[in-house]
Amino acid sequence: MTEDLVNHPPHYNQGDVECIDAIRAMLSHEEYIGYLRGNSLKYRWRFRFKNGVEDLKKAEWYEERLLEVLAHA
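Asks: How should the confidence of the model for the protein chain be read in this particular structure?
Replies: Averaged over all residues, the pLDDT of the protein chain is 90; the fraction at 70 or higher stands at 90%. Highest mean pLDDT in the protein chain belongs to helix α2 (residues 29-46) (98); lowest belongs to helix α1 (residues 19-26) (94).

Asks: What exactly am I supposed to notice about the nonpolar core here?
Replies: Note that soluble globular proteins tend to have their nonpolar side chains buried in a common cluster. Core analysis: the biggest nonpolar cluster contains 11 residues, these being Val 6, Ile 20, Tyr 32, Ile 33, Leu 36, Tyr 43, Ala 59, Trp 61, Tyr 62, Leu 66 and Val 69. Going through the elements one at a time, α2 and α3 (53-71) are the ones with two or more residues in this core. Sorting elements by how many residues they give to this core places α3 first, with 5 residues. With residues up to four places along the chain from it excluded, the contact list for Ile 20 reads Tyr 32, Tyr 35, Leu 36, Trp 61 and Tyr 62.

Asks: It is not clear to me how the side chain of Asp 55 should be interpreted in this structure. Could you clarify?
Replies: If you trace the backbone, Asp 55 turns up in helix α3. Contact partners of Asp 55, with chain neighbours within four places excluded, come to Tyr 43, Arg 46, Phe 47 and Lys 50.

Asks: I'm lost on the pattern of salt bridges in this one. Help?
Replies: Pairs may arise between side chains of opposite charge once their charged atoms sit close together. Going through the model one piece at a time under the given rule, you end up with 4 salt bridges. Notably, a salt bridge pairs Glu 63 with Arg 44, separated by 2.8 Å at the nearest N-O pair. One end of the pair, Glu 63, is in helix α3; the other, Arg 44, is in helix α2, with 19 residues separating them in the sequence. Residues Asp 55 and Arg 46 are paired through a salt bridge, measuring 2.8 Å at the closest nitrogen-oxygen approach. Relative accessible area serves as the criterion here: at 0%, Asp 55 is assigned to the buried category.

Asks: What exactly am I supposed to notice about the packing of aromatic side chains here?
Replies: Note on aromatic pairs: each is described by the distance of the centres and the angle between the planes. The tally for this structure, following the rule as stated, stands at 4 aromatic pairs. Centroid distance Tyr 43 to Tyr 62: 5.9 Å. Interplanar angle 15 degrees. Geometry classified as stacked. Residue Tyr 43 is found in helix α2, and its partner Tyr 62 is found in helix α3; the two are separated by 19 residues along the sequence. For the residue pair Tyr 43 and Tyr 62, the accessibility class agrees, reading buried in each case. Both rings, one in Trp 61 and one in Tyr 62, keep their centres 5.0 Å apart while their planes meet at 80 degrees; by these two values the pair is edge-to-face. Each member of the pair, Trp 61 as well as Tyr 62, is classed as buried. A connected cluster of aromatic rings, assembled from ring pairs, spans Tyr 32, Tyr 35, Tyr 43, Trp 61 and Tyr 62.

Rules used throughout
Residues numbered from 1 in each chain as written. Predicted model: local features only at pLDDT ≥ 70, side-chain atom pairs only at ≥ 80, totals over all residues. Heavy atoms only, no water. pLDDT = per-residue confidence, 0-100. Helix = DSSP H or I, 4+ residues; strand = E, 2+ residues; numbered from the N terminus. Core = buried A, V, L, I, M, F, W, Y, C linked by side-chain atoms within 4.5 Å. Buried < 20%, exposed > 50% of the residue type's maximum accessible area, 1.4 Å probe, protein only. Contact = heavy atoms within 4.5 Å. Salt bridge = Lys/Arg side-chain N within 4 Å of Asp/Glu carboxyl O. Phe/Tyr/Trp six-rings, centres within 6.5 Å; stacked < 30°, edge-to-face > 60°.

Structural data, given as C-alpha cells:
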C-alpha cells in the first residue's frame, strides 16, 4: 500500500489517536480555527520552495477541515 502523505502521513498516526484529533481536543473552538488557517497558509506559502503540489494538497486538507468546523458552528 502506498503512503498517503497528505491525508494520513505515517508520522502523525502513532497509536490510537491521530495527531489532528488530539490537537482539536486540546484547543478551544477559536484556537482550532486559527490552527487550521495558519497551517493552510504555511503550506501555500512554501509550496514553490519545498514540496510543490503536495504542499498545495496539504493546504487544501486543512481548508476542508476549516470548512467542516465553520459549517457546524
